[in-house]
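# Descriptive structure summary
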Amino acid sequence: MENGSHGSVLCQLVSPEGEHLEAPVYLPHNVGPPQLQDIVNKLLHNEEKLPYAFYIGDEELSLQLGAYMQQKNANVEVTLRIVYQPQAVFRIRPVNRCSATIAGHTEAVLAVSFSPDGRCLASGSGDTTVRFWDLNTQTPLFTCKGHKNWVLCIAWSPDGKHLVSGSKSGELILWDPKTGKQLGTPLTGHRKWITAVSWEPVHLQSPSRRFVSASKDGDARIWDITTRKCVISLAGHTNAVTCVKWGGDGLIYTGSEDCSIKVWETSQGKLVKTLQGHGHWVNSLALSTEYVLRTGAYDHTGKTYSSAEEMKEAALARYEKMRGNAPERLVSGSDDFTMFLWEPAISKQPKARMTGHQKLVNHVYFSPDGQWLASASFDKSVKLWNGITGKFIAAFRGHVADVYQISWSADSRLLLSGSKDSTLKVWDIRTRKLKQDLPGHADEVYAVDWSPDGEKVVSGGKDRALKLWMN
Amino acid sequence: MPQGDYIELHQKRHGRRMDFEERKRKKEARSVKKNSKDARKLLGAKGKRFAKKRYAEKAQMKKTLKMHDESTSRQKVDDDVEEGALPPYLLDRDQTQRAKVLSNTIKQKRKEKAGKWDVPLPKVRGVAEDEMFKVLRTGKRKTKQWKRMVTKATFVGPGFTRKPPKYERFIRPTGLRFTKAHVTHPELKCTFNLDIISVKKNPNGQMYTSLGVMTRGTIIEVNVSELGLVTPAGKVVWGKYAQVTNNPENDGCINAVLLV
């Protein structure tokens, strides 16, 4: 079919959720992504021009419509469905150099985490200490001793005021990040080691008071930091609880080695639902709104809030915007090499089953805008899936050993993976290729994190050094 | 009959004294005083013997008391902090230890240039030519003796084609050709079945190296991509040297140890 610049194509613009934007229109052949952006902005009546990416049949549209039609030999008579996806207004630059290797821990670094505003950094290690690091000078700030055994997981409260760390002996300790001092005595109650910690979102309660911890002994406990007691104990799993997430609508999701995921409500600690389907341990859970819950009221503008109410409102606004009309989506990755996409608020049955990995799935993570889902597996690959439908999009191969953890950049354009082969790799989502290889660690990389402001990446592993990577 | 048995015999026949039990009881009651007197007064060798015996009794008594004490109260056993910290997602899995990051490639290159290698088998018994080759008599009258057949294990590359039979001097039989070696990592003590890439050096001579003969002590290059090793610069290592440790022509397989 010959196409001239006078030809036109019948197009239908569709939102990512599937709603049609307007009636199908005839667009001339020399219309490309910039023009489509203008059209969408106008039709949505956006005040400021937001960037969009356009997808036809899961492939991104980068050419003009005419060139695209010719390349694909598409039928002109069929209406072309163009899905538009809003992109982050800001753009994160990929990190490509190691700006500092900070030694300090005397045993392997097991967990690293940036604070929600991206200003502070904390790490937990096998030498039983939690350390705070100064990002401006890239030196240690505080060394917090208090745990009796390895510090397995750390979690910042979404308002950035507290850090809780869980250890192998089953204790949780609260730290004050400004002084590095322990707040009160250790919280005991769990009989075996702590596997995961998650705070209550700040839009549900500000200042942050409660968090939930999961342990190998099979129960999850909700703690209140002001009374310093275990408020509710969520017992029900018959085997270790491997991960726990506090959802934005006030439900707690726990995944366990007994192959089930349980949904609990938080006022009484009652079990709401049990999601069955996996054939082996559930290793990791991810929520579509997870990034927003983690960062709370802070976003890329770097605004600080003085009062707790302001924070709550700002966090609520961000959460509502992120969620839209759709219910929260939950993804679980398991030892049975598959992942399930659930919509727990709607039904007990999974929405989609994502197969394709050849070994167990260790970590699943939604992108900050909820459009993509990435999964890291011991089969040395990272796979990218559509965050809404669960459809497979691309596989990232490059690692030569198990991929342990992944982390997204704040604009959802870059994905970082840390692996047993001691390298980190940055993958570009748009081109679906490797963007940057970050070697340098002397041994396995156990934990990675990308700061919410997108400037820095931190990684820690078996070689006991903490590496900061920047642009 | 032995001396002491007469006493026992009498006791059996006539029984004990009537006040035996009472005397015994009273003597035991007095023994405390006697013991303390002895402890104070005994001197010399006797004193030493007594003191030793008394101490042993005291230690034993202390132990039994402690044992009785323990059962009443339960104590929390403090786990010692172990080595080899693992993140929570690896705690329930027993990972087989994999080969770690290697020595610097620059160091390796320098070693190669210098020709100095620290190998597990520095000296190998030399193999004589008549042991290595078998003479093949050819020709109409079987008088020509210029052909040789190799009697040891060999490696020929994947693109190997024989020379025309009329001109080939050295015959490497297919039955003695090997492509894989059982390579052991010296630190991890685990063995992998890896492909051979080439024969680097045979200590018996440069001719054998060029023929690809593998005897005990030969350095071969193996494909280690399945081990997932990465250099500090981030490059993936796919070839490493290993030294043959057995006599492959006797065993039918090649065992080698990886040179790290």
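Not measured: the values here are computed from a predicted model.

Another aspect to go through is the overall build of chain B. Scanning chain B from N- to C-terminus turns up eight helices and 10 strands. Taken across its 260 residues, chain B has 26% of its residues classed as buried. Restricting the contact set of chain B to residue pairs at least 6 apart, pairs at least 24 apart contribute 49%. Accessible area for chain B stands at about 19,500 Å²; split by element, carbon and sulfur atoms hold 52% of it.

With that settled, the discussion passes to the interface of chain B and chain A. Listed per partner, the contact involves 27 residues of chain B and 36 residues of chain A. When the two sides are added together, the surface that chain B and chain A hide from each other amounts to roughly 2,500 Å², 56% of it contributed by carbon and sulfur. A per-residue breakdown of the area chain B buries against chain A is headed by Tyr89(B), Asp92(B) and Arg93(B), which together make up 25% of the total. Across the pair Asp335(A) and Arg93(B) runs a salt bridge whose closest N-O atoms are separated by 3.0 Å. Partitioning the side of chain B that touches chain A into residue classes produces 13 nonpolar, five polar and nine charged.

This brings us to the pairing of strand 12 (residues 163-167) of chain A. One face of the sheet, then the other: side chains in a regular strand alternate in exactly this way. Residue and element names in this part refer to chain A. Of all five residues in strand 12, five are buried; the element is thus mostly enclosed. In strand 12, alternate side chains face the same way, and those of Leu163, Ser165 and Ser167 on one face and Val164 and Gly166 on the other are all buried. The sheet contact formed by strand 11 (residues 151-156) and strand 12 spans five bridges and is antiparallel. Across the sheet, residue alanine 155 finds its bridge partner in strand 12, namely valine 164. In this structure, the hairpin formed by strand 11 and strand 12 is closed by a connection of six residues, where glycine 160 is found at a positive phi of approximately 80°. Pairing of strand 12 with strand 13 (residues 172-176) involves four bridges; the strand directions are antiparallel. Each residue of the ladder has a partner; that of valine 164, found in strand 13, is leucine 174. Here strand 12 folds back onto strand 13 in antiparallel fashion, the turn holding four residues, of which glycine 170 has a positive phi close to 90°.

With that out of the way, let us pick up the domain arrangement of chain A. All names here are of chain A. Per the domain assignment, the segments making up chain A are domain 1 (8-86) and domain 2 (97-470). On a C-alpha basis, the centres of domain 1 and domain 2 stand 36 Å from each other. Counting from both sides, the interface comprises six residues of domain 1 and, opposite them, eight residues of domain 2. Overall, the association of domain 1 and domain 2 removes approximately 740 Å² of surface from exposure, summing both partners, and the carbon and sulfur fraction of that is 39%. Our count for the domain 1 to domain 2 interface comes out at zero salt bridges. Its residues placed into classes, the side of domain 1 that touches domain 2 shows three nonpolar, one polar and two charged.

We now examine helix 2 (residues 65-72) of chain A. All names here are of chain A. For helix 2, every residue scored as buried is listed here: Leu65, Gly66, Tyr68 and Met69. Taken end-on, helix 2 shows its buried residues confined to a sector of 165°, consistent with a single buried face. For helix 2, the secondary structure elements touched by its buried residues are strand 1 (8-14), strand 2 (25-28), strand 3 (52-56) and strand 5 (80-86). Two residues or fewer after helix 2 comes asparagine 73, characterised by a positive phi angle close to 55°.

Residues and elements named next belong to chain B. Together, Arg23, Arg25, Lys26, Lys27 and Arg30 give the surface a local cluster of positive charge. Tracing the chain through its elements places lysine 27 in helix 2 (residues 20-41). Relative accessible area serves as the criterion here: at 60%, lysine 27 is assigned to the exposed category.

The biggest cluster of nonpolar side chains holds 33 residues, and the ones touching the most others in it are Trp408(A), Leu415(A), Leu416(A) and Trp450(A). Setting aside its immediate chain neighbours within four residues, Leu416(A) contacts Gln405(A), Ile406(A), Ser407(A), Leu424(A), Lys425(A), Val426(A), Leu438(A), Val448(A), Trp450(A) and Val457(A).

Per the stated rule, a full pass over the model turns up 14 aromatic pairs over all chains. Between Phe132(A) and Phe142(A), the ring centres sit 6.3 Å apart and the planes meet at 80°, which makes this aromatic pair edge-to-face. Pair noted here: Phe132(A) is in strand 9 (residues 129-134) and Phe142(A) is in strand 10 (residues 139-145), with a separation of 10 residues, a long-range link. Ring geometry for Trp199(A) versus Phe211(A): centroids 5.1 Å apart, planes at 50°, classification tilted. Taken together, the positions of Trp199(A) in strand 15 (residues 194-199) and Phe211(A) in strand 16 (residues 210-215) put the pair 12 residues apart, joining distant regions of the chain. Like Trp199(A), the residue Phe211(A) is buried in the burial classification. Aromatic ring contacts, followed pair by pair, group Phe378(A), Tyr404(A), Tyr446(A) and Tyr89(B) into a single cluster. Positioned above the aromatic ring of Phe20(B) is the side chain of Arg16(B), whose terminal nitrogen or guanidinium carbon lies 4.2 Å from the ring centre.

Residues and elements named next belong to chain A. Looking at the element boundaries, serine 165 is found in strand 12. Only 2.8 Å separates the side chain of serine 165 from the side chain of histidine 147, close enough to count as a polar contact. Those residues within four positions of serine 165 in sequence are excluded, and the remaining contacts are Val130, His147, Val151, Cys153, Ile154, Glu171, Leu172, Ile173 and Trp175.

Reading the values: rules and limits
Residues numbered from 1 in each chain as written. Chains lettered and ligands numbered in written order. Predicted model: local features only at pLDDT ≥ 70, side-chain atom pairs only at ≥ 80, totals over all residues. Heavy atoms only, no water. Helix = DSSP H or I, 4+ residues; strand = E, 2+ residues; numbered from the N terminus. Buried < 20%, exposed > 50% of the residue type's maximum accessible area, 1.4 Å probe, protein only. Contact = heavy atoms within 4.5 Å. Areas by Shrake-Rupley, 256 points an atom, 1.4 Å probe, with all protein chains shown as cover. Buried area = accessible area lost by both parts, 1.4 Å probe. Salt bridge = Lys/Arg side-chain N within 4 Å of Asp/Glu carboxyl O. Nonpolar A, V, L, I, M, F, W, Y, C, P; charged D, E, K, R; others polar. Pairing = 2+ DSSP bridges. Domains from an automatic or database assignment. Arc of directions from axis to C-beta. Patch = residues over 30% accessible without salt bridge, like charges linked within 9 Å, V, L, I, M, F, W, Y side chains within 5 Å. Lys, Arg positive; Asp, Glu negative; His and termini not counted. Charge placed at Lys NZ, Arg CZ, Asp CG, Glu CD. Core = buried A, V, L, I, M, F, W, Y, C linked by side-chain atoms within 4.5 Å. Phe/Tyr/Trp six-rings, centres within 6.5 Å; stacked < 30°, edge-to-face > 60°. Lys NZ or Arg CZ within 6 Å of the ring centre and 35° of its normal. Polar contact = N/O pair within 3.5 Å; in protein donor to acceptor, adjacent residues only side chain to side chain.

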